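# Summary of structural features
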2 protein chains.
Amino acid sequence: MVARVAYAAALCRQELIESMTSHSEPGQLQAIARVVSPYGEKFGVPRQPGLVAAAKGYIEMLPGFDRIEAFEGIEGFSHLWAIFGFHACGGQQRLRVRPPRLGGNEERGVFATRSPFRPNNLGLSVLRFEGLEQTENHLRVAVSGLDMVDGTPVYDIKPYVPYTDSIPQAQGGFAASAPEHRLAVVFSAQADRQLSAMPEAAHMRELVEQTLALDPRPAYRRDDGERLYGMQLAGHDVRWRVRGGRAEVEAIAPLG
Amino acid sequence: MVARVAYAAALCRQELIESMTSHSEPGQLQAIARVVSPYGEKFGVPRQPGLVAAAKGYIEMLPGFDRIEAFEGIEGFSHLWAIFGFHACGGQQRLRVRPPRLGGNEERGVFATRSPFRPNNLGLSVLRFEGLEQTENHLRVAVSGLDMVDGTPVYDIKPYVPYTDSIPQAQGGFAASAPEHRLAVVFSAQADRQLSAMPEAAHMRELVEQTLALDPRPAYRRDDGERLYGMQLAGHDVRWRVRGGRAEVEAIAPLG
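Rules and cut-offs
Residues numbered from 1 in each chain as written. Chains lettered and ligands numbered in written order. Predicted model: local features only at pLDDT ≥ 70, side-chain atom pairs only at ≥ 80, totals over all residues. Heavy atoms only, no water. Helix = DSSP H or I, 4+ residues; strand = E, 2+ residues; numbered from the N terminus. Buried < 20%, exposed > 50% of the residue type's maximum accessible area, 1.4 Å probe, protein only. Contact = heavy atoms within 4.5 Å. Areas by Shrake-Rupley, 256 points an atom, 1.4 Å probe, with all protein chains shown as cover. Pairing = 2+ DSSP bridges. Axes fitted to C-alpha atoms, helices over the stretch in contact; angles between N-to-C directions. Least-squares fit on C-alpha atoms with pLDDT ≥ 70 in both. Buried area = accessible area lost by both parts, 1.4 Å probe. Salt bridge = Lys/Arg side-chain N within 4 Å of Asp/Glu carboxyl O. Polar contact = N/O pair within 3.5 Å; in protein donor to acceptor, adjacent residues only side chain to side chain. Nonpolar A, V, L, I, M, F, W, Y, C, P; charged D, E, K, R; others polar.

Next up on the list: the overall build of chain A. Broken down by element type, chain A carries four helices and 14 strands. Here chain A holds 256 residues, and the buried ones make up 57% of them. Restricting the contact set of chain A to residue pairs at least 6 apart, pairs at least 24 apart contribute 71%. Of the roughly 10,400 Å² that chain A leaves accessible, carbon and sulfur atoms contribute 48%.

Here it is, written out as structure tokens:
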């Protein structure tokens, strides 16, 4: 007799620890964590992870998943995958989208893009792993290079395994290299004073600089004069204009 | 007045095409496709994608998603991500697992592994994109390097974007390099005859060789004598033993 059935069962058993089983309905997702991010709203969020190294934050584990033993071994990895829900655009799903990378007026099929407006609204980001932090009631995973809005639901965390995940020679279609459009960022006297008064002034300056350098303006509005923009960043209301190829930060005030 | 609200709305509008909107409940996953894979059961499936180049198959789009316009632009990419459901192990979810890579008897936290027995049972694989195939009633994405069981539900397809997804210098913990354990594979006279009679003999031989070279036996059973193993591969029942460091294929018979 061939040993197929017995071995299929044994193969499962091998990876399991019987005392910690649970089951879920197929197709029903449960958030295991929430993202704590400096980006308080969708506008201004980097379009891919790793573009803003200063975008530090946390994946805060939810009850049932806030157990340090679920992370044993993670210290050997430098990067993590998060599979998450694009919750900030109202569950809208399309088959055709207009990637900002192409100027916002060319269509592509959604499965050829990383657009959030996709079937199931699932996102995938690789983040730098900065350590585990355990406090009395919480377990959180410190990460950097965030491209997720504060409050984003996370459905899975996986280690980045370079021998299988890293394919440097892959062809990247219309996004073959990192976006090149970078603005110089300057601060008004007022913004400078406001920055200097903050406890983490140097970090905040870096975060504002790296975020605005990517030019978060909608691609199709980039020739729209010297309009004042605002975004929520690390609990502050950042206001800036783009003038002569530079982002000029007018003010950085704490959010009410 | 600062232009935040107007721009947040505009940013959404920019990427959308109004005629193709749909919405879904948060946390409710809908399969957009099913995998057509040579691996008919969990036993024998490579433990990561890309290990068996001959593992060719399809992501067969389901109704509503079987539209060629949803893929426009994909031809510029060489690799794709599939986010899928590990459906073959009964929805079992653990916080601690025993990775086969560590011999099957050392525990790790599930979030430090790629184990299928994880919260939400979501899998993530990068596959080589081999083209789109459209027939009368079907649209399917040809892929290779599969590590998924036939019938696996797929929840998302994304292009692999090397500038953000590829991190060759990442540290890979206990899976820092591809598995090194490779068996030589030999065929009995009977298996050779059976292979030769197949229409795609050369491809099947390659698929059997590459799959068995990875030694699919459970790690903790590798010293268990010359037991006969069986797996379903490309519609065939493949039977083999491991003897003296070689996988000896005894028979390859079509499945009834």
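Residue and element names in this part refer to chain B. If you trace the six strands once around the closed barrel, you get β2-β3-β9-β8-β4-β10, paired in antiparallel fashion. Ignoring strand direction, the axes of neighbouring strands in this sheet form an average angle of 45 degrees. Note that strand β3 (residues 56-61) and strand β9 (residues 139-144) share five bridges and pair antiparallel. When the bridges of β9 are listed, K56 appears paired with S144.

The next subject is the relation of the copies chain B and chain A. Superposition of chain B onto chain A requires a rotation of 180 degrees combined with a translation of 0.0 Å along the rotation axis, giving an RMSD of 0.0 Å. One copy is carried onto the other by what is essentially a two-fold rotation axis. For chain B, the minimum C-alpha distance to the rotation axis belongs to S166(B) and amounts to 2.1 Å. Mapped onto chain A, 99% of the interface residues of chain B again fall at the interface, so both copies present the same surface.

Another point: the interface of chain B and chain A. Each side of the interface is counted separately: chain B has 116 residues, and chain A has 116 residues. Taken together, the two surfaces of chain B and chain A that pack against each other cover about 10,800 Å², and 57% of this comes from carbon and sulfur. One salt bridge in this structure joins E72(B) and R96(A), with 2.6 Å as the shortest N-O distance. Summed over the shared surface of chain B and chain A, the result is 37 residue pairs in polar contact (both at pLDDT 80 or more). Counting residues per element, the side of chain B that touches chain A draws most heavily on helix α1 (residues 4-15) of chain B, which supplies nine residues. A class-by-class count of the residues in the side of chain B that touches chain A yields 57 nonpolar, 33 polar and 26 charged.

All names here are of chain B. Of all the seven residues making up strand β10 (residues 153-159), seven are buried; the element is thus mostly covered by neighbouring parts of the structure. The pairing of strand β2 (residues 33-36) with β10 spans two bridges and is antiparallel. Bridging across to β10, A33 finds its partner in V154. Examined bridge by bridge, strand β4 (residues 79-85) and β10 share five bridges and lie antiparallel to one another. When the sheet's bridge partners are listed, W81 is paired in β10 with K158.

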